[in-house]
Amino acid sequence: LSEIVAVSAFGKSIAFESVIQNTSEGSITVNLQSSDNQIVTLSLYDIAGREVLKQEAQSNGTSTKFWIPVSQFAKGIYMLKAGSQGEAIVRKVRL
């Protein structure tokens, strides 16, 4: 269901650890690995490239966890983009 579609990283300080869909709760839990204590931004884009959700969290230097409510979004393919300090990774998800 999910796969990495793009990576733009210079120091490899951020990576997807897991993306878990919970259909009964209408949510996605995203766990990111991060090597630095930094602000991490997670955005969800629809297939037309519109940003439909954006969250920020402080990394603890090893991981960052996001909980995304997705029940309000139409079913389809979306892109999850995680970024920090000029680095970004993108992963496709199907809702």
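Residues numbered from 1 in each chain as written. Predicted model: local features only at pLDDT ≥ 70, side-chain atom pairs only at ≥ 80, totals over all residues. Heavy atoms only, no water.

J.: Go over the sheet that holds strand β2 (residues 14-22), please, and point to the residues and values.
T.: Pairing in this open sheet of 3 strands is antiparallel, and the strands run β2-β3-β6 from one edge to the other. Each of the sheet's edge strands pairs with one partner strand only, and the pair in question is β2 and β6 (63-69). If you compare each strand with its neighbour and ignore which way they point, the axes differ by 15° on average. Where β2 meets strand β3 (residues 27-34), 8 bridges bridge the pair, whose relative direction is antiparallel. Paired with Ile 14 across the bridge in β3 is Ser 34. (Pairing = 2+ DSSP bridges. Helix = DSSP H or I, 4+ residues; strand = E, 2+ residues; numbered from the N terminus. Axes fitted to C-alpha atoms, helices over the stretch in contact; angles between N-to-C directions.)

J.: Tell me about the side chain of Thr 41, residues and numbers included.
T.: Note that Thr 41 resides in strand β4 (residues 39-45). A distance of 3.4 Å separates the side chain of Thr 41 from the side chain of Glu 56, its partner in a polar contact. The residues contacting Thr 41, other than those within four sequence positions of it, are Lys 54, Gln 55, Glu 56, Lys 81, Ala 82 and Gly 83. (Polar contact = N/O pair within 3.5 Å; in protein donor to acceptor, adjacent residues only side chain to side chain. Contact = heavy atoms within 4.5 Å.)

J.: Give me the lowdown on the environment of Gln 21, citing residues and values where you can.
T.: Along the polypeptide, Gln 21 turns up in strand β2. Note on Gln 21: relative accessible area 29%, which makes it partly exposed. Looking at Gln 21, its side chain comes within polar contact range of the main-chain oxygen of Arg 94, at 2.6 Å. (Buried < 20%, exposed > 50% of the residue type's maximum accessible area, 1.4 Å probe, protein only.)

J.: Can you explain the packing of aromatic side chains? Please cite residues and give values.
T.: According to the stated counting rule, one finds 1 aromatic pair in the structure shown. Geometrically, the ring pair formed by Phe 73 and Tyr 78 is tilted, given 6.1 Å between the ring centres and 50° between the ring planes. Looking at Arg 91, its charged tip hangs above the ring of Phe 16, at a distance of 5.8 Å from the centre. (Phe/Tyr/Trp six-rings, centres within 6.5 Å; stacked < 30°, edge-to-face > 60°. Lys NZ or Arg CZ within 6 Å of the ring centre and 35° of its normal.)

J.: Could you give me a rundown of the pairing of β3, with the residues and numbers involved?
T.: With 7 of 8 residues buried, β3 lies mostly within the body of the structure. Here β2 folds back onto β3 in antiparallel fashion, the turn holding 4 residues, of which Gly 26 has a positive phi close to 65°. Across 7 bridges, the pairing between β3 and β6 is antiparallel. Of the residues in β6, the one forming a bridge with Ser 27 is Pro 69.

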